[in-house]
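So you can see what is in the structure, the chains are spelled out below.
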Amino acid sequence: MAIISGSVAGVLALAVVAGALISYFGRIQVDSREPPVVHPKIPFIGHLIGMIRHGPLYFTQVSSKVKAPIFTLPVLGNRTYVCGSPALTAAIQRASATLDFDELIVHAMPRFVGLSKEAAEILKDPTATTEGSRRVVEMAHSVINPPLQPQNMEDLTMKQLKNFSDYFNGIRNDQEFKLYHMATRAVAFASMDTFYGPKNPFKLNNDLMEDFFVWETDVVPYMVGFFPSIFVRKATQALSRMGKSFEEYINNGHVKEAHALIQSRQALHEDAGISIPDQGRLEVGLSLAFNVNAGITTFWILDNIYSRPELLEEIRREVRENAITAPGTISYAKLKDSCHLLASVYRETMRINAPMNTARWVKEDIVIADTYLLRKGSVVQAAGGIMHWDPELWGEDVHSFNPRRFWGTQSGLKNPPASDQKGEGKTSQQVHAAAFRAFGGGASMCPGRFFAQMEIMSLVAVVVSGFDILPPQGKEKVDWNPARDDTKFPFAVSKPVRDIDVRFRRREGMEDLEWKLDL
């Protein structure tokens, strides 16, 4: 996560390619050493249409036809390289000096939040590389990354866990929710308070949160930049309102009550000469990194657990025996260290629902793995959808949820044990470490991954420990297992095509228990 989270890299790459050389009317010239080229049926725009129509599945569809570990997609006169091989992905990650995430951010950020031309030039800062100084996007790493490392994030963790505890202690018995809406808003409001303080724009104006999700839903067509004020009018207006609210937040000095990470970042932007209106829009972009993926992942995990009663009882027992240190008190350290089934469910849910594309800008011509030439000015993507759903990597049950696929392993197992067995199966094999793409990889792996894991595992633990999830009044059952929306490029975690109507009831004997999520 530089100025925004690394998890948006694939979508940023799409926006960069969409905006590049749009007036070019000729087939790209390809060197024989480049990855095999897949020419679109509709010249110039065919692959772009495919990506917009089919989302992350488009890369998987093309890969199944090409049968190559990496291939070239010509789009609008430029080229995007798509890699579906863990071994080649590892080689790409090692070449971070030439295959650069920061350069991608510099080109795409103005489209992402609608920055002014002046702010875009400040981010590009072409003199920095020649004068030996660092650009704003590079300096942002030293501001954002250290506070999110496990050894440094105690203050953030305690604040976020208190916000979560307060939220769930405030739930009325038999209160009804739309589960996706509940999970995403609970995380977003808590995160804004934790990072931006008690006078954050979303706290002062709760309606602004719905603006946030309107913009987030249509951010990809907004980034493409084809008359957004007409074709994604609501998203454009929502972004404008949020930007102005953050502008007021900065002008009124409320940033002084924010976490040190936010204060340092705002000072960095100020020193760089970025205007207050542009600073406000940059804060909207960072908010997306905090607000979206943890809530969506929590939704999917709760769906996976509560739709499987035996798994629910196992998880409850594991949390009770290993992580509850006093009545109503759940220790995250113990969840992380001792709740192996919950950790496996977390990663398996991410494997299925987080087909992240990790993108890099090719700064100079480079040959990868002594085989494939990648040309300067192009984008190379490690396609999470291809790798996460590849039966050659994960086994024939690749499209099935197996709660023990990551039991005792970070990288996962091919041919894992059956869902009701512990440990490795007789033919289990460790999957290549680079195949799991939920948080990217290499030098730009998402620095927020440790914070996200804390959020998600703690949220799931308090829900399974304290609540039964029942059908709403008048319904016979909960309609679990909504389909994944594969038609849109997600910001790491895919959304469901529909929400789930539920009723939260405090478990018997715990009706008056006050929950405390703790370190």
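Residues numbered from 1 in each chain as written. Predicted model: local features only at pLDDT ≥ 70, side-chain atom pairs only at ≥ 80, totals over all residues. Heavy atoms only, no water.

In the annotation of an unreviewed UniProt entry, the chain is listed under the name Cytochrome P450 and assigned to Periconia macrospinosa. What UniProt states about the chain under its Cofactor (unreviewed entry) heading is, verbatim, "heme". (UniProt positions renumbered as here; feature names shortened; annotations may be inferred.)

Peer 1: I'd like a description of the packing of aromatic side chains, backed by residues and values.
Peer 2: By the definition in use, this model includes 20 aromatic pairs. A centroid spacing of 6.0 Å and a plane angle of 70° characterise the contact between Phe 202 and Phe 246, whose relative ring orientation is edge-to-face. Note that Phe 202 is positioned in helix α11 (residues 201–204) and Phe 246 in helix α15 (residues 233–251), a separation of 44 residues in sequence. The same class applies to Phe 202 as to Phe 246, namely buried. Residues Phe 212 and Phe 213 carry aromatic rings whose centres are separated by 5.0 Å and whose planes lie at 90° to one another, so their mutual orientation is edge-to-face. In this structure Phe 213 comes out as buried when scored by relative accessible area, which is 7%. One aromatic cluster is present, built from ring pairs that chain together Phe 112, Phe 195, Tyr 196, Phe 202, Phe 212, Phe 213, Trp 215, Phe 246, Tyr 249, Phe 290 and Phe 451. For the cation-ring pair, Arg 351 lies above Trp 394, with the distance from its terminal atom to the ring centre recorded as 5.3 Å. (Phe/Tyr/Trp six-rings, centres within 6.5 Å; stacked < 30°, edge-to-face > 60°. Helix = DSSP H or I, 4+ residues; strand = E, 2+ residues; numbered from the N terminus. Buried < 20%, exposed > 50% of the residue type's maximum accessible area, 1.4 Å probe, protein only. Lys NZ or Arg CZ within 6 Å of the ring centre and 35° of its normal.)

Peer 1: Go over the packing of α15 against helix α17 (residues 276–291), please, and point to the residues and values.
Peer 2: One can describe the packing of α15 onto α17 by two numbers: an axis separation of 7 Å at closest approach and a directional angle of 115°. In terms of orientation, α15 lies roughly perpendicular with respect to α17. For the element pair α15 and α17, the recorded crossing hand is right-handed. Of the residues in α17, those in contact with Leu 239, Ser 240, Met 242, Gly 243, Phe 246, Glu 247, Ile 250 and Asn 251 of α15 are Ile 276, Pro 277, Gln 279, Gly 280, Arg 281, Glu 283, Val 284 and Ser 287. Considering only residue class, the contact of α15 with α17 consists of seven nonpolar, six polar and three charged. (Axes fitted to C-alpha atoms, helices over the stretch in contact; angles between N-to-C directions. Parallel < 35°, antiparallel > 145°, perpendicular 65-115°, else oblique. Left-handed = near helix turned anticlockwise from the far one by under 90°. Contact = heavy atoms within 4.5 Å. Nonpolar A, V, L, I, M, F, W, Y, C, P; charged D, E, K, R; others polar.)

Peer 1: Outline the side chain of Ser 191, supporting the account with residue identities and numerical values.
Peer 2: With respect to the helices, strands and loops of the structure, Ser 191 is situated in helix α10 (residues 179–196). Filtering out sequence-adjacent residues up to four positions away, Ser 191 remains in contact with Gln 160, Tyr 196, Phe 290, Asn 291 and Glu 455.

Peer 1: Before we move on, can you summarise the domain arrangement of the chain with the specific residues and values?
Peer 2: For the chain, the domain assignment lists domain 1 (35–113 + 357–417 + 428–437) and domain 2 (136–356 + 438–517). The gap between the C-alpha centroids of domain 1 and domain 2 is 26 Å. Taken together, the contacts link 41 residues of domain 1 with 45 residues of domain 2. Approximately 3,600 Å² of surface area, both sides summed, lies buried where domain 1 meets domain 2, with 60% of it carried by carbon and sulfur atoms. When the buried surface of domain 1 facing domain 2 is broken down by residue, Phe 112, Val 113 and Phe 401 rank first, second and third, together holding 22% of it. Along the contact surface separating domain 1 from domain 2 lie two salt bridges. Put simply, the parts of the chain that give the side of domain 1 that touches domain 2 at least two residues each are α2 (46–54), α3 (57–66), α5 (101–113), β7 (357–362), β10 (379–383) and α22 (384–388). (Domains from an automatic or database assignment. Buried area = accessible area lost by both parts, 1.4 Å probe. Salt bridge = Lys/Arg side-chain N within 4 Å of Asp/Glu carboxyl O.)

Peer 1: Describe the sheet that holds β7, and please don't skip the residues or the numbers.
Peer 2: Within the open sheet, the five strands sit side by side as β1-β2-β10-β7-β3. Their pairing is mixed. Looking at strand neighbours, the two that pair on one side only are β1 (70–75) and β3 (99–100), the edges of this open sheet. In the sheet, β1 pairs with strand β2 (residues 78–83) via six bridges, with the strands oriented antiparallel. Directly across from Pro 74, in β2, lies its bridge partner Arg 79. Packed onto the sheet, α5 meets β3, β7 and β10 and runs at close to 90° relative to β7. (Pairing = 2+ DSSP bridges.)

Peer 1: Give a description of the nonpolar core that names residues and reports values.
Peer 2: Trp 215, Ile 305, Leu 335 and Phe 504 are the most contacted members of the largest nonpolar core, which has 127 residues in total. A total of eleven residues in this core trace back to one element, the largest contributor, which is helix α24 (residues 449–466). (Core = buried A, V, L, I, M, F, W, Y, C linked by side-chain atoms within 4.5 Å.)

Peer 1: Requested: an account of the sheet that holds strand β4 (residues 175–178), with residues and values cited.
Peer 2: In space, the three strands of this open sheet follow the order β4-β14-β13, with antiparallel pairing throughout. Lying at the two open borders of the sheet, with one neighbouring strand each, are β4 and β13 (467–470). Looking at each pair of strands side by side, their axes are set apart by 35° on average, direction ignored. Of the strands in this sheet, β13 and β14 (501–506) are in contact with α24, which crosses β13 at around 80°.

Peer 1: Residue-level account of a negative patch on the surface, with values.
Peer 2: Where like charges cluster on the molecular surface, the negative patch consists of Glu 508, Glu 511, Asp 512 and Glu 514. Note on placement: Glu 511 falls in the loop between β14 and β15 (516–518). (Patch = residues over 30% accessible without salt bridge, like charges linked within 9 Å, V, L, I, M, F, W, Y side chains within 5 Å. Areas by Shrake-Rupley, 256 points an atom, 1.4 Å probe, with all protein chains shown as cover. Lys, Arg positive; Asp, Glu negative; His and termini not counted. Charge placed at Lys NZ, Arg CZ, Asp CG, Glu CD.)

Peer 1: For the pattern of salt bridges, give the residues involved together with the corresponding values.
Peer 2: As enumerated under the stated definition, the model contains 25 salt bridges in all. Across the salt bridge formed by Arg 33 and Asp 31, the nearest N and O atoms sit 3.1 Å from each other. Linked through salt bridges whose partners overlap, the residues forming this network are Glu 348, Arg 351, Asp 397 and Arg 405.

Peer 1: Report on a nonpolar patch on the surface, specifying residues and quantitative values.
Peer 2: There is a patch of nonpolar side chains on the surface, built from Ile 42, Phe 44, Ile 45 and Ile 49 and spanning about 290 Å² of accessible area. Here Ile 49 is to be found in helix α2.

Peer 1: Talk me through the UniProt feature "binding site: heme" (unreviewed entry) in the chain; I want residue IDs and the actual numbers.
Peer 2: When the UniProt feature table is mapped to this numbering, "binding site: heme" (unreviewed entry) covers Cys 446. Within the secondary structure, Cys 446 is located in the loop between β12 (429–430) and α24. For Cys 446, a relative accessible area of 10% gives the class buried.

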